[in-house]
Amino acid sequence: MKRPLASRHVTKPALVGLLMIFSSMGSPFAQSQGPASDRAERVRRMSQDAETRGLAEPFKGITRNGQIMPDLFAIRSTGVSTEPVRQAASAFLDSLSPVQRFKTLFPVEDDEWRKWMNQHFYVRQGVGFAEMSETQRQAAIDLLRSSLSAKGLQQTQDIMRLNHTLGELNGNNFDEYGEGKYWITMMEEPHATEPWGWQIDGHHLIINYFVMGDQVVMTPTFMGSEPVVATAGKYKGTAVLQREQAKGLALIKALDTEQRKKAAIRTAKQGQNNVAEAFKDNVVLDYVGIRAADLSPAQRDALLDLIQEHVGNLRDGHARVKMDEVRQHLDATHFAWIGETADDSVFYYRVQSPVILIEFDHQPPIALPGVERGKPTRQHIHSVVRTPNGNDYGKDLLRQHYQQHPHPHRH
């Protein structure tokens, strides 16, 4: 049965209007009229343009050749309870005001899942941490804590903190940057057996978390930062993505000369190389690099350890379920590399199989002052985890669910 608040949709212009209401009430978003209003209109148009282009095609999923590999994902019991996640999500929804709840809740099949972007300017829906009360923020953190591993929660919070650091480095520009500029939306009210999920969306942090019964799909996930290490300021010493960086470099170093030639797409790292970021849900990306089948047992273990580092942001039980799925397709898994292999090199790597896509990229600076423009730096990292062949956002599981249990309200 359709739950009433999940049947409506809040548009981007409506959200801008709500934020302007909050501004007039003296909220953390408060800003003067005039130039601020012009900027709000500008970013609204930029956001709508990105969505129009990005959602022009219906969702299909990432493929290697444009064709979905069938029968990779099945509705089944994992034996890992999602009840703590459901309870935390319900408590978060219950903490919201009627206005907040209205703009936070969407149908589970809504395109809101696909409306995420790493860029800081993007106009987001849902309820933002900056506008939450302390009680609501704690409920939001409890939702993250119940859904993620300890490592995943730490990295999530540290990315948010480093966005504050970026504001400090840009003359205390907290209109554009800050640890509160992250929004949560809920796709359907939490349910023990019916599909639902949640999304957090903000600069350098996007997690899509689909739940159906005791199954979880936590992709697309985007984790990054600029800077990656805070050398001063409120969060001095905070660092993210260092293990993902170190383990990728360790894997390429573990390959012999001939294997490195197979893995390397090219040795010169220039610009940005990630291809599966925002609004790239249907990208066609053929396998490149070296196959795991051509690795030694020790090298295969190193590859699995690298994959685990990314998958391990998911709560432990469901991370094990995902890693079991990865192992079933290990021989078909490819590892590719761009860049040199010195201890201080900048680089890009990709891990790709029928059931997982991981990208890690050292990016040129965008907002980091005092750094050479156009040249990739270790102080700006993007990482993306995807589920190819139609199961990002749990879409393939949702498709199968609707086949087995038709929903008259689906639209």
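Our subject in this report is the structure included herewith. (Residues numbered from 1 in each chain as written. Predicted model: local features only at pLDDT ≥ 70, side-chain atom pairs only at ≥ 80, totals over all residues. Heavy atoms only, no water.)

Take the pairing of strand β3 (residues 182-187) next. The element β3 is largely enclosed, with a buried count of six among its six residues. Both faces of β3 are covered, namely the face carrying Y182, I184 and M186 and the face carrying W183, T185 and M187. In terms of strand pairing, strand β1 (residues 105-106) meets β3 through two bridges, oriented parallel. Bridged to F106 within β3 is M187. Where strand β2 (residues 127-128) lies against β3, two bridges are found, and the strand directions are antiparallel. (Buried < 20%, exposed > 50% of the residue type's maximum accessible area, 1.4 Å probe, protein only. Helix = DSSP H or I, 4+ residues; strand = E, 2+ residues; numbered from the N terminus. Pairing = 2+ DSSP bridges.)

Under the 1.5 Å per step criterion, the end-to-end length of helix α5 (residues 134-147) is 20 Å for 14 residues, consistent within 8% with the ideal 20 Å. For α5, the complete set of buried residues consists of Q136, A139, A140, I141, L143, L144, S146 and S147. Packed against the buried residues of α5 are α3 (83-95), α4 (98-104), α6 (150-169), β3, β4 (196-202) and β5 (205-212). (Expected span 1.5 Å × (residues − 1). Contact = heavy atoms within 4.5 Å.)

Attention shifts here to the packing of α5 against α6. Packed helix pairs are characterised by how far apart their axes lie and by the angle those axes make with each other. It is the contact of α5 with α6, at a shortest axis distance of 8 Å, that shows an interaxial angle of 140°. Viewed along their axes, α5 and α6 adopt a mutual orientation that is oblique. For the pair α5 and α6, the sense of crossing is right-handed. Where α5 abuts α6, its residues I141, L144 and R145 lie against L153, T156 and Q157. (Axes fitted to C-alpha atoms, helices over the stretch in contact; angles between N-to-C directions. Parallel < 35°, antiparallel > 145°, perpendicular 65-115°, else oblique. Left-handed = near helix turned anticlockwise from the far one by under 90°.)

When the terminal C-alpha atoms of helix α2 (residues 35-54) are compared, their 28 Å separation across 20 residues agrees well with the 28 Å that a helix rising 1.5 Å per residue should span. The set of residues buried in α2 consists of A36, V43, R44, S47, A50, E51 and G54. The buried residues of α2 all sit within an arc of 130° when viewed along its axis, so they share a single face. Across α2 from its buried face, at more than 90 degrees, point the exposed residues P35, T52 and R53. (Arc of directions from axis to C-beta.)

Before going further, it helps to spend a moment on the environment of Q119. Structurally, Q119 can be placed in the loop between β1 and β2. A residue is classified by how much of its surface remains accessible, and Q119, at 38% relative accessible area, is partly exposed. Aside from chain neighbours lying at most four places away, what touches Q119 is R124 and H203.

The next thing to look at is the nonpolar core. Residues F129, W198 and F335 are the most contacted members of the largest nonpolar core, which totals 65 residues. Look past the residues within four positions of W198 in its chain and what remains in contact with it is V85, W113, L143, L144, S147, T185, M186, I207, N208 and Y209. Counting residues in each nonpolar core, the second largest holds 27 residues, with F73, F222, A278 and Y393 among its members. (Core = buried A, V, L, I, M, F, W, Y, C linked by side-chain atoms within 4.5 Å.)

Bringing the packing of helix α7 (residues 242-254) against helix α9 (residues 297-311) into the picture now. Here α7 crosses α9 at 165°, and the two axes come no closer than 10 Å. Here α7 is positioned roughly antiparallel relative to α9, judged by the angle of their axes. Handedness of the crossing formed by α7 with α9: left-handed. Taking contact as the criterion, the partners of R243, E244, K247, G248, L251 and A254 in α7 are, on α9, Q299, A302, L303, D305, L306, E309 and H310. Considering only residue class, the contact of α7 with α9 consists of five nonpolar, three polar and five charged. (Nonpolar A, V, L, I, M, F, W, Y, C, P; charged D, E, K, R; others polar.)

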